[in-house]
Amino acid sequence: MQRAQHRQPGQTEDAGRMGRTGRRAVRDVRAVGIRMRTAGAAVLAAALVLSSALPALAAPPGPASVSRRVCIDAGHGGTDPGAINGTLREKDLTLDIANRLSALLLNTGLGFSVVMMRTGDVTLGNTERATICNDGRADTVLSIHLNASSDPGVDYFRAFYGKKAKDAAFTQTVSDAYALTKPNSTEPLPKLAPTNFASGLLLKTDAPACLAETVFLTNLGEAAALGDGTGTRQQQIAQQLFSGLRAWYRV
Ligand SMILES: [Zn+2]
(Lines give C-alpha, C1' and ligand atoms only; values in the text may rest on other atoms or scores of the structure.)
Protein backbone atom coordinates (compact mmCIF):
# COMPACT_ATOMS: atom_id res chain seq x y z
CA MET A 1 0.00 0.00 0.00
CA GLN A 2 1.25 3.47 -0.82
CA ARG A 3 -0.16 6.74 0.34
CA ALA A 4 -1.37 7.67 -3.12
CA GLN A 5 -2.48 4.15 -3.86
CA HIS A 6 -4.81 3.30 -1.00
CA ARG A 7 -8.28 2.11 -1.62
CA GLN A 8 -9.03 1.50 -5.23
CA PRO A 9 -12.23 -0.50 -4.91
CA GLY A 10 -13.51 0.57 -8.32
CA GLN A 11 -10.42 -0.55 -10.13
CA THR A 12 -10.51 -4.00 -11.65
CA GLU A 13 -8.35 -6.01 -13.93
CA ASP A 14 -10.29 -4.55 -16.85
CA ALA A 15 -8.41 -1.32 -16.36
CA GLY A 16 -5.14 -3.15 -16.67
CA ARG A 17 -4.41 -3.74 -20.29
CA MET A 18 -0.75 -4.58 -20.32
CA GLY A 19 1.24 -1.69 -21.67
CA ARG A 20 3.46 -2.84 -24.48
CA THR A 21 6.92 -1.57 -25.02
CA GLY A 22 8.52 -2.05 -28.37
CA ARG A 23 10.55 -4.89 -26.92
CA ARG A 24 7.47 -6.64 -25.65
CA ALA A 25 5.86 -6.28 -29.05
CA VAL A 26 8.91 -7.82 -30.64
CA ARG A 27 8.69 -10.81 -28.33
CA ASP A 28 5.07 -11.24 -29.32
CA VAL A 29 5.98 -11.12 -32.98
CA ARG A 30 8.51 -13.87 -32.39
CA ALA A 31 5.95 -15.99 -30.58
CA VAL A 32 3.44 -15.50 -33.36
CA GLY A 33 6.07 -16.40 -35.91
CA ILE A 34 6.82 -19.66 -34.13
CA ARG A 35 3.16 -20.53 -33.95
CA MET A 36 2.69 -19.74 -37.61
CA ARG A 37 5.63 -21.88 -38.60
CA THR A 38 4.32 -24.69 -36.48
CA ALA A 39 1.05 -24.43 -38.28
CA GLY A 40 2.87 -24.39 -41.60
CA ALA A 41 0.94 -21.36 -42.75
CA ALA A 42 2.09 -17.96 -43.96
CA VAL A 43 5.66 -18.83 -43.14
CA LEU A 44 7.16 -16.29 -45.48
CA ALA A 45 5.17 -13.38 -44.07
CA ALA A 46 6.16 -14.30 -40.54
CA ALA A 47 9.80 -14.68 -41.52
CA LEU A 48 9.86 -11.20 -43.02
CA VAL A 49 8.57 -9.71 -39.78
CA LEU A 50 11.08 -11.75 -37.82
CA SER A 51 14.04 -10.62 -39.83
CA SER A 52 13.30 -6.97 -39.18
CA ALA A 53 12.59 -7.65 -35.51
CA LEU A 54 15.68 -9.71 -34.75
CA PRO A 55 18.15 -6.83 -34.25
CA ALA A 56 15.95 -5.46 -31.47
CA LEU A 57 15.95 -8.85 -29.77
CA ALA A 58 19.70 -8.63 -29.37
CA ALA A 59 19.34 -5.59 -27.09
CA PRO A 60 19.59 -6.77 -23.49
CA PRO A 61 16.75 -5.91 -21.14
CA GLY A 62 19.17 -5.57 -18.27
CA PRO A 63 21.51 -2.81 -17.17
CA ALA A 64 24.97 -2.06 -18.47
CA SER A 65 26.24 -2.79 -14.98
CA VAL A 66 26.28 -6.45 -14.06
CA SER A 67 27.16 -6.19 -10.40
CA ARG A 68 23.72 -7.65 -9.60
CA ARG A 69 23.41 -5.64 -6.44
CA VAL A 70 19.76 -5.39 -5.48
CA CYS A 71 18.39 -3.01 -2.88
CA ILE A 72 15.38 -4.78 -1.37
CA ASP A 73 13.00 -2.37 0.28
CA ALA A 74 10.58 -3.89 2.77
CA GLY A 75 7.82 -1.29 2.64
CA HIS A 76 6.66 0.55 5.77
CA GLY A 77 7.95 -0.38 9.24
CA GLY A 78 8.13 1.03 12.74
CA THR A 79 5.42 3.59 13.36
CA ASP A 80 4.06 3.05 9.85
CA PRO A 81 2.31 -0.34 9.69
CA GLY A 82 0.98 0.08 6.15
CA ALA A 83 -2.21 -1.81 5.45
CA ILE A 84 -3.78 -3.82 8.25
CA ASN A 85 -6.23 -6.71 7.99
CA GLY A 86 -7.02 -8.31 11.34
CA THR A 87 -3.72 -9.41 12.81
CA LEU A 88 -1.91 -9.10 9.49
CA ARG A 89 0.21 -5.99 9.08
CA GLU A 90 1.74 -4.96 5.78
CA LYS A 91 5.03 -3.96 7.43
CA ASP A 92 5.56 -7.49 8.79
CA LEU A 93 4.65 -9.18 5.53
CA THR A 94 6.91 -6.94 3.43
CA LEU A 95 9.83 -7.77 5.72
CA ASP A 96 9.07 -11.48 5.55
CA ILE A 97 8.89 -11.40 1.75
CA ALA A 98 12.05 -9.25 1.59
CA ASN A 99 13.94 -11.79 3.69
CA ARG A 100 12.74 -14.62 1.49
CA LEU A 101 13.73 -12.74 -1.67
CA SER A 102 17.15 -12.00 -0.19
CA ALA A 103 17.65 -15.70 0.55
CA LEU A 104 16.70 -16.61 -3.02
CA LEU A 105 19.13 -14.04 -4.42
CA LEU A 106 22.01 -15.01 -2.16
CA ASN A 107 21.60 -18.78 -2.05
CA THR A 108 21.30 -19.64 -5.70
CA GLY A 109 24.86 -18.96 -6.81
CA LEU A 110 23.90 -16.46 -9.48
CA GLY A 111 26.22 -13.71 -8.29
CA PHE A 112 23.65 -11.48 -6.65
CA SER A 113 24.38 -9.27 -3.69
CA VAL A 114 21.76 -7.53 -1.61
CA VAL A 115 21.31 -4.24 0.20
CA MET A 116 18.55 -4.76 2.75
CA MET A 117 16.62 -1.60 3.46
CA ARG A 118 15.70 -2.85 6.92
CA THR A 119 16.06 -6.09 8.81
CA GLY A 120 13.82 -5.12 11.72
CA ASP A 121 10.73 -3.10 12.58
CA VAL A 122 12.17 0.38 12.11
CA THR A 123 10.72 3.63 10.84
CA LEU A 124 12.32 4.96 7.66
CA GLY A 125 11.34 7.88 5.44
CA ASN A 126 11.61 7.75 1.67
CA THR A 127 14.66 10.01 1.59
CA GLU A 128 16.43 7.78 4.12
CA ARG A 129 15.48 4.74 2.08
CA ALA A 130 16.86 6.24 -1.11
CA THR A 131 20.09 7.15 0.67
CA ILE A 132 20.49 3.56 1.88
CA CYS A 133 20.16 2.24 -1.67
CA ASN A 134 22.44 4.89 -3.14
CA ASP A 135 25.13 4.55 -0.46
CA GLY A 136 24.94 0.79 -0.89
CA ARG A 137 25.64 1.25 -4.61
CA ALA A 138 22.67 -0.87 -5.58
CA ASP A 139 22.07 -1.15 -9.31
CA THR A 140 18.39 -1.99 -8.92
CA VAL A 141 15.83 -1.08 -6.27
CA LEU A 142 12.80 -3.26 -5.60
CA SER A 143 10.25 -1.96 -3.12
CA ILE A 144 7.84 -4.55 -1.77
CA HIS A 145 4.27 -3.69 -0.76
CA LEU A 146 0.87 -5.29 -0.36
CA ASN A 147 -2.14 -3.38 -1.59
CA ALA A 148 -5.42 -2.60 0.15
CA SER A 149 -9.02 -2.06 -0.88
CA SER A 150 -12.37 -1.68 0.86
CA ASP A 151 -13.60 -4.47 -1.45
CA PRO A 152 -12.43 -7.85 -0.07
CA GLY A 153 -12.84 -9.36 -3.53
CA VAL A 154 -10.21 -7.18 -5.17
CA ASP A 155 -6.82 -8.78 -5.85
CA TYR A 156 -4.24 -8.02 -8.48
CA PHE A 157 -0.56 -7.21 -9.01
CA ARG A 158 0.65 -3.84 -10.13
CA ALA A 159 4.14 -2.38 -10.46
CA PHE A 160 5.01 1.31 -10.38
CA TYR A 161 7.92 3.32 -11.74
CA GLY A 162 9.10 6.77 -10.71
CA LYS A 163 11.14 8.31 -13.52
CA LYS A 164 10.22 6.82 -16.85
CA ALA A 165 13.71 6.90 -18.36
CA LYS A 166 15.33 5.41 -15.26
CA ASP A 167 12.69 3.01 -14.02
CA ALA A 168 10.12 2.03 -16.65
CA ALA A 169 12.05 -0.74 -18.41
CA PHE A 170 13.01 -2.40 -15.13
CA THR A 171 9.47 -2.08 -13.83
CA GLN A 172 8.05 -3.59 -17.01
CA THR A 173 10.47 -6.50 -16.72
CA VAL A 174 9.45 -7.16 -13.11
CA SER A 175 5.79 -6.99 -14.10
CA ASP A 176 6.19 -9.24 -17.14
CA ALA A 177 7.91 -11.92 -15.08
CA TYR A 178 5.37 -11.87 -12.25
CA ALA A 179 3.21 -14.94 -12.87
CA LEU A 180 1.52 -15.58 -9.54
CA THR A 181 -1.63 -17.64 -9.29
CA LYS A 182 -4.51 -16.73 -7.01
CA PRO A 183 -4.28 -18.27 -3.52
CA ASN A 184 -4.89 -22.03 -3.57
CA SER A 185 -5.83 -21.84 -7.24
CA THR A 186 -4.35 -22.36 -10.66
CA GLU A 187 -6.06 -19.22 -11.95
CA PRO A 188 -3.61 -16.41 -12.71
CA LEU A 189 -3.59 -13.41 -10.41
CA PRO A 190 -4.60 -10.43 -12.61
CA LYS A 191 -1.95 -7.87 -13.43
CA LEU A 192 -2.51 -4.21 -14.18
CA ALA A 193 -0.14 -2.40 -16.51
CA PRO A 194 2.79 -0.65 -14.85
CA THR A 195 2.20 3.02 -14.26
CA ASN A 196 3.86 6.08 -12.81
CA PHE A 197 3.91 6.86 -9.10
CA ALA A 198 5.82 9.86 -7.75
CA SER A 199 7.28 8.03 -4.78
CA GLY A 200 10.22 9.74 -3.10
CA LEU A 201 12.04 6.44 -2.99
CA LEU A 202 11.61 5.78 -6.69
CA LEU A 203 12.51 9.33 -7.64
CA LYS A 204 15.55 9.73 -5.38
CA THR A 205 17.32 6.46 -6.03
CA ASP A 206 20.08 6.49 -8.62
CA ALA A 207 19.38 2.97 -9.87
CA PRO A 208 16.38 1.67 -11.84
CA ALA A 209 13.61 1.26 -9.28
CA CYS A 210 10.26 -0.52 -9.11
CA LEU A 211 7.57 -0.50 -6.44
CA ALA A 212 5.62 -3.75 -6.52
CA GLU A 213 2.13 -3.97 -5.04
CA THR A 214 2.36 -7.74 -4.89
CA VAL A 215 -1.15 -8.82 -3.79
CA PHE A 216 -4.06 -7.31 -1.86
CA LEU A 217 -3.76 -7.82 1.87
CA THR A 218 -7.46 -7.04 2.14
CA ASN A 219 -8.49 -9.87 -0.19
CA LEU A 220 -10.18 -12.70 1.69
CA GLY A 221 -8.24 -15.48 0.03
CA GLU A 222 -4.93 -13.66 0.27
CA ALA A 223 -5.42 -12.89 3.96
CA ALA A 224 -6.22 -16.54 4.66
CA ALA A 225 -3.17 -17.72 2.74
CA LEU A 226 -0.80 -15.09 4.14
CA GLY A 227 -1.99 -15.83 7.66
CA ASP A 228 -2.01 -19.63 7.54
CA GLY A 229 1.31 -19.82 9.37
CA THR A 230 3.14 -21.75 6.64
CA GLY A 231 4.74 -18.83 4.78
CA THR A 232 3.83 -20.53 1.51
CA ARG A 233 2.14 -17.49 0.01
CA GLN A 234 4.97 -15.20 1.08
CA GLN A 235 7.44 -17.58 -0.57
CA GLN A 236 5.40 -17.65 -3.78
CA ILE A 237 5.46 -13.84 -3.92
CA ALA A 238 9.21 -13.74 -3.26
CA GLN A 239 9.74 -16.32 -5.99
CA GLN A 240 7.90 -14.19 -8.55
CA LEU A 241 9.93 -11.10 -7.66
CA PHE A 242 13.08 -13.22 -7.93
CA SER A 243 12.00 -14.23 -11.43
CA GLY A 244 11.72 -10.58 -12.36
CA LEU A 245 15.23 -9.83 -11.15
CA ARG A 246 16.60 -12.82 -13.00
CA ALA A 247 14.90 -11.61 -16.16
CA TRP A 248 16.39 -8.12 -15.74
CA TYR A 249 19.91 -9.41 -15.14
CA ARG A 250 19.42 -12.26 -17.62
CA VAL A 251 20.66 -14.93 -15.25
ZN1 LIG B 1 2.51 -0.29 1.19
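Residues numbered from 1 in each chain as written. Predicted model: local features only at pLDDT ≥ 70, side-chain atom pairs only at ≥ 80, totals over all residues.

### Observations regarding helix H8 (residues 232–249)
The line we're drawing: Here a helix means four or more residues in a row that DSSP labels H or I, a strand means two or more in a row labelled E, and each is numbered from the N terminus. Multiply 1.5 Å by the residue count of a helix minus one, and that product is the helix's expected span. To assign burial, the other C-beta atoms lying within 10 Å of each residue's own C-beta are counted, with C-beta atoms placed from the backbone; 20 or more indicates buried, 12 or fewer indicates exposed, and intermediate counts indicate partly exposed. What counts as a contact here is a pair of residues whose C-beta atoms, placed from the backbone, lie within 7 Å.
With 18 residues, H8 extends 26 Å from end C-alpha to end C-alpha; this agrees with the ideal 26 Å at 1.5 Å per step. Among the residues making up H8, those that are buried are Arg233, Gln234, Ile237, Ala238, Gln240, Leu241, Phe242, Gly244, Leu245, Trp248 and Tyr249. As for H8, its buried residues are in contact with strand E1 (69–74), helix H3 (90–107), strand E5 (140–147), helix H5 (164–177), strand E8 (209–216) and helix H7 (220–226). Looking one or two residues beyond H8, the residue adopting positive phi is Arg250, at roughly 55°.

### Considering the confidence of the model for the protein chain
Heads up, the rule is: pLDDT is a residue-level measure of predictor confidence that goes from 0 to 100.
Within the protein chain, residue pLDDT values average 83, and 75% of them lie at 70 or more. Across residues 5–59, where pLDDT falls below 50, the model places 52 contacts with residues more than four positions away in sequence or in other chains.

### A look at H3
The first and last C-alpha atoms of H3 sit 25 Å apart over 18 residues, in line with the 26 Å expected at 1.5 Å per residue. Within H3, burial applies to Glu90, Lys91, Leu93, Thr94, Leu95, Ile97, Ala98, Arg100, Leu101, Ser102, Leu104 and Leu105. At the C-terminal side of H3, Gly109 shows a positive phi close to 65°.

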